[in-house]
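# Structural characterization, general
What follows is each chain in one-letter form.
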Amino acid sequence: VTVRIPVKVKVVLDVVPDAHHVRDGEVVDEAVDVECRLEVLLHAGARCIVQAVDELDHYHSRESLDILLRTVRNDPSDAVKREAVDSISHIELSAAEDAMIEIAKIGPSPSVRRDAIDELNDISSPKVINCLVSIINKKDEVYKIRLEALEALTDVEDVGVLDELIRIAGTHTDPRIRQ
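Notes on the structure follow. Remember, it's a predicted structure, so these values are computed and weren't measured experimentally. (Residues numbered from 1 in each chain as written. Predicted model: local features only at pLDDT ≥ 70, side-chain atom pairs only at ≥ 80, totals over all residues. Heavy atoms only, no water.)

## Points about the packing of helix α5 (residues 78-89) against helix α6 (residues 94-106)
Keep this limit in mind: Axis definition: a line fitted to C-alpha atoms, limited for helices to the stretch in contact. Angles are taken between N-to-C directions and run from 0 to 180 degrees. Under the scheme used here, helices are H or I runs from DSSP no shorter than 4 residues and strands are E runs no shorter than 2 residues, and both carry numbers assigned from the N terminus. Handedness of a crossing is defined here by the sense of rotation of the near helix relative to the far one, left-handed for an anticlockwise turn of less than a right angle and right-handed for a clockwise turn. Should any heavy atoms of two residues lie within 4.5 Å, those residues are considered in contact. In this classification, Asp, Glu, Lys and Arg are treated as charged, Ala, Val, Leu, Ile, Met, Phe, Trp, Tyr, Cys and Pro as nonpolar, and every other residue, Gly included, as polar.
For the pair α5 and α6, interaxial distance at closest approach is 9 Å and the crossing angle is 145°. Where α5 crosses over α6, the two elements pack in a sense that is left-handed. Between α5 and α6, the contacting residues are Val85, Ile88 and Ser89 on the first element and Ala96, Ala99, Met100 and Ile103 on the second. Within the contact of α5 with α6, the residues separate by chemical class into six nonpolar, one polar and no charged.

Written out as C-alpha cells, the structure reads:
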C-alpha cells in the first residue's frame, strides 16, 4: 500500500523537533512548532497522527498536554486516543496527573479508561489512590474497569494502599473484587 503524503506534511515531518525553527521568516519555539506540526498531521491520516501523538510526550509543556487532551476527547480513533493517554502519562506536569485521573474516571471509551487507569499505577499520590478507590467502589461501574483499578491500586507504592486493599477485601459488595 502506498500512502501519498502532501508536500507540506513531508516538510513538517522532516523538521528537527528539538531546535528552534523559522516559519514564514520568524523564529518559533518548539512548543508552538509541536502544535503546528500536529495540526498539519491531523489531515494526513491516523497513522501519522499516532506518530505525532507519540512524539508529544517529549515536550513537557502545557501546550503539548492541551493538544493531547483534545486528541483524547475528539479523535475518532480509539488507537489514537490510547496513544495520547500514553503520551500524557510521560508529561511531567501536575496538570497531566489531573488529566489522567479525569480520563480514568470519565474517559471516552472503556479501553481508553483502562489505559489511563493502568498508567496511574506509576504515580503514588493521594489523588491517584482516591481516584482508583472511587472507581473500585462505584456501584454502576463495569467489572473490567473496577478490576483494572484494583490491579493498578495494588501496584501503587504507598503506605496507605495496604489499608485500602484490606478494607476493599473485607467490605466490597462484589465478591469477585473481594477475592
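## Some points on the nonpolar core
Note the threshold: In these notes, a set of buried Ala, Val, Leu, Ile, Met, Phe, Trp, Tyr and Cys residues joined through side-chain atoms within 4.5 Å is what counts as a nonpolar core. Here's how the labels work: a residue is buried when its accessible area is under 20% of the maximum for its type, exposed when over 50%, partly exposed in between, all with a 1.4 Å probe on protein chains only.
Grouped together as the largest cluster of nonpolar side chains are 39 residues, with contacts concentrated most on Ile88, Ile103, Ile117, Leu120, Leu132 and Leu153. Contributions of two or more residues to this core are made by α4 (62-74), α5, α6, α7 (110-120), α8 (126-137), α9 (143-155) and α10 (159-171). Among the elements that make up this core, the one with the highest residue count is α8 (seven residues).

## Some remarks on a negative patch on the surface
This is how it is decided: Every patch collects residues that have over 30% relative accessible area and no salt bridge, joining them within 9 Å if they carry like charges and within 5 Å if they are nonpolar side chains (Val, Leu, Ile, Met, Phe, Trp, Tyr). Methods summary: accessible areas were calculated by the Shrake-Rupley approach with a probe of 1.4 Å, and residue burial reflects only the protein chains presented. A pairing counts as a salt bridge when a side-chain nitrogen of Lys or Arg comes within 4 Å of a carboxyl oxygen of Asp or Glu. In this tally Asp and Glu are treated as negative and Lys and Arg as positive; neither His nor the chain ends contributes. Note on charges: their place is set at NZ of Lys, CZ of Arg, CG of Asp or CD of Glu.
A surface patch of like charges, here negative, comprises Asp118, Asp122, Glu151, Asp155 and Glu157. Mapped onto the fold, Asp155 is located in helix α9.

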